[in-house]
Amino acid sequence: QVQLVESGGGLVQAGGSLRLSCAFSGRTFRSYAMGWFRQAPGKEREFVATISLSGGRTSYADSVKGRFTISRDNAKNMVYLQMNSLKPEDTAVYYCAADYFGGAASFSVTGYDYWGQGTQVTVSS
């Protein structure tokens, strides 16, 4: 069974940076597109970024494009989210998700098969 474990969240001031990590285990990592989503209190879980099986294609939500970068290391079964120029509105629990042969076209929570437990990111002003 696929397991996803996020790490790297924390507190940061506006304008700062954080790097989130997600460790994948249980199946063949290269068979899954990976995504990052986030959910703030009282709000729906929203798409942040996705990356294709090989890492050759990425997509981002308009709200984070130019500030966040998703990447993956298939040799280490890891996916990352580099977050720069953080804003208070980026505060949320960030979730890693896996989509079996999904490619980089999955922007909805319904398009993913497995989810991590989430890691808290808090951006102060």
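Just so we're clear, the structure is a prediction, and the values are computed from it rather than from any experiment.

Rules of the game
Residues numbered from 1 in each chain as written. Predicted model: local features only at pLDDT ≥ 70, side-chain atom pairs only at ≥ 80, totals over all residues. Heavy atoms only, no water. Pairing = 2+ DSSP bridges. Helix = DSSP H or I, 4+ residues; strand = E, 2+ residues; numbered from the N terminus. Axes fitted to C-alpha atoms, helices over the stretch in contact; angles between N-to-C directions. Core = buried A, V, L, I, M, F, W, Y, C linked by side-chain atoms within 4.5 Å. Buried < 20%, exposed > 50% of the residue type's maximum accessible area, 1.4 Å probe, protein only. Contact = heavy atoms within 4.5 Å. Salt bridge = Lys/Arg side-chain N within 4 Å of Asp/Glu carboxyl O.

Participant: Just checking my understanding: could you explain the sheet that holds strand 8 (residues 78-83) for this structure?
Facilitator: By definition, the strands of a sheet pair up through backbone hydrogen bonds, in either a parallel or an antiparallel sense. Within the open sheet, the 4 strands sit side by side as 1-3-8-7. Their pairing is antiparallel. Looking along the sheet, the strands with just one partner apiece sit at the ends: strand 1 (3-7) and strand 7 (68-73). Averaged over all adjacent pairs, the angle separating strand axes in this sheet is 15°, with direction ignored. With 5 bridges joining them, strand 1 and strand 3 (residues 18-25) adopt antiparallel strand pairing.

Participant: I tried to follow the nonpolar core on my own but got confused; where do I start?
Facilitator: Generally speaking, nonpolar side chains in soluble globular proteins are found buried as a group. Met34, Trp36, Val79, Leu81, Met83 and Tyr94 are the most contacted members of the largest nonpolar core, which totals 34 residues. Counting residues per element, the ones that place at least two in this core are strand 3, strand 4 (32-39), strand 5 (46-51), strand 7, strand 8, strand 9 (92-100) and strand 11 (119-124). The element best represented in this core is strand 9, accounting for 5 residues. Apart from residues lying up to four places away in sequence, Val79 is in contact with Leu20, Ser21, Cys22, Phe29, Met34, Trp36, Ile51, Ile70, Ser71, Arg72 and Cys96.

Participant: Would you mind going over the pattern of salt bridges with me for this structure?
Facilitator: Side chains that differ in sign of charge can pair as their charged atoms come close. Across all of its chains, the model carries 3 salt bridges by this definition. Glu46 is paired through a salt bridge with Arg38; the nearest N and O atoms lie 2.6 Å apart. For Arg38, a relative accessible area of 5% gives the class buried. Here Asp90 ties to Arg67 by a salt bridge, and the two come within 2.7 Å at their closest N and O atoms. Here the residue Asp90 occupies a position in the loop between strand 8 and strand 9, and Arg67 occupies one in the loop between strand 6 (58-60) and strand 7, the gap between them amounting to 23 residues. Using a relative accessible area of 0% as the deciding quantity, one classes Asp90 as buried. We classify Arg67 as buried; its relative accessible area is 10%. A network of salt bridges, in which partner residues are shared, links Arg38, Glu46, Arg67 and Asp90.

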